[in-house]
Amino acid sequence: MFEEVFDNFLVAHELGHYLEHMSGRMQKLDRTDSETEANQIALAFWSLDRRDADKLPRRFENLTRFLYALPNPVPNGKEPRAYLEKNYSAVAANGAAYSWYQGTFLRTAWEKQNSRTFCQWVHLNPPQSMSHIK
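Our subject in this report is the structure included herewith. The model shown is predicted, which means the values in this text are computed figures rather than measured ones.

## Considering the packing of aromatic side chains
Part 1 of the reasoning: In total, this model carries 6 aromatic pairs according to the counting rule given.
Part 2 of the reasoning: Ring centres 6.2 Å apart and planes at 80 degrees place the aromatic pair Y88 and Y98 in the edge-to-face group. With Y88 in helix α5 (residues 88-93) and Y98 in helix α6 (residues 95-111), the pair connects residues that are 10 residues apart, well separated along the chain.
Part 3 of the reasoning: Centroid distance W100 to Y101: 5.0 Å. Interplanar angle 90 degrees. Geometry classified as edge-to-face. Comparing W100 with Y101 shows no difference in burial state: the two are buried.
Part 4 of the reasoning: By way of ring pairs, the aromatic residues W100, Y101 and F105 are connected into one cluster.
Part 5 of the reasoning: Over the ring of Y88 we find R31, and its NZ or CZ is 3.4 Å from the ring centre.
Part 6 of the reasoning: The positively charged end of R116 is found above the aromatic ring belonging to W121, 4.8 Å away from the centroid.

## Focus: the side chain of Q102
Part 1 of the reasoning: Secondary-structure assignment places Q102 in helix α6.
Part 2 of the reasoning: A polar atom in the side chain of Q102 sits 2.7 Å from the side chain of E35.
Part 3 of the reasoning: Residues in contact with Q102, not counting those within four places in the same chain, are H13, E35, N39 and L67.

What counts as what
Residues numbered from 1 in each chain as written. Predicted model: local features only at pLDDT ≥ 70, side-chain atom pairs only at ≥ 80, totals over all residues. Heavy atoms only, no water. Phe/Tyr/Trp six-rings, centres within 6.5 Å; stacked < 30°, edge-to-face > 60°. Helix = DSSP H or I, 4+ residues; strand = E, 2+ residues; numbered from the N terminus. Buried < 20%, exposed > 50% of the residue type's maximum accessible area, 1.4 Å probe, protein only. Lys NZ or Arg CZ within 6 Å of the ring centre and 35° of its normal. Polar contact = N/O pair within 3.5 Å; in protein donor to acceptor, adjacent residues only side chain to side chain. Contact = heavy atoms within 4.5 Å.

Written out as structure tokens, the structure reads:
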């Protein structure tokens, strides 16, 4: 599970955030869209290699089975997206609450997984400037 989550999922997920950051899009996206997009980029990245693409259903099940079991941290009557934006610091400080949200972001990304290829995600997020590269 450690390898699956940290070595595989988080590396590709953070690559998605890096692309968003380099393009300047991260500042324009709310947390829900940014996290969902990073998951979509991770899924598209895994699809580049046929060996990884064939593992996607099992990998998705492995990553989400415990996330789906977590209690919903959103108070009754509150909308999850708005609650996260307003209470991000508190949600992020609570591992179970943040993991529940990541589960929802991953589920949404899974439902949209074929919307773009990895290369299309890269083209959607072109670097604003290459001056930082020497």
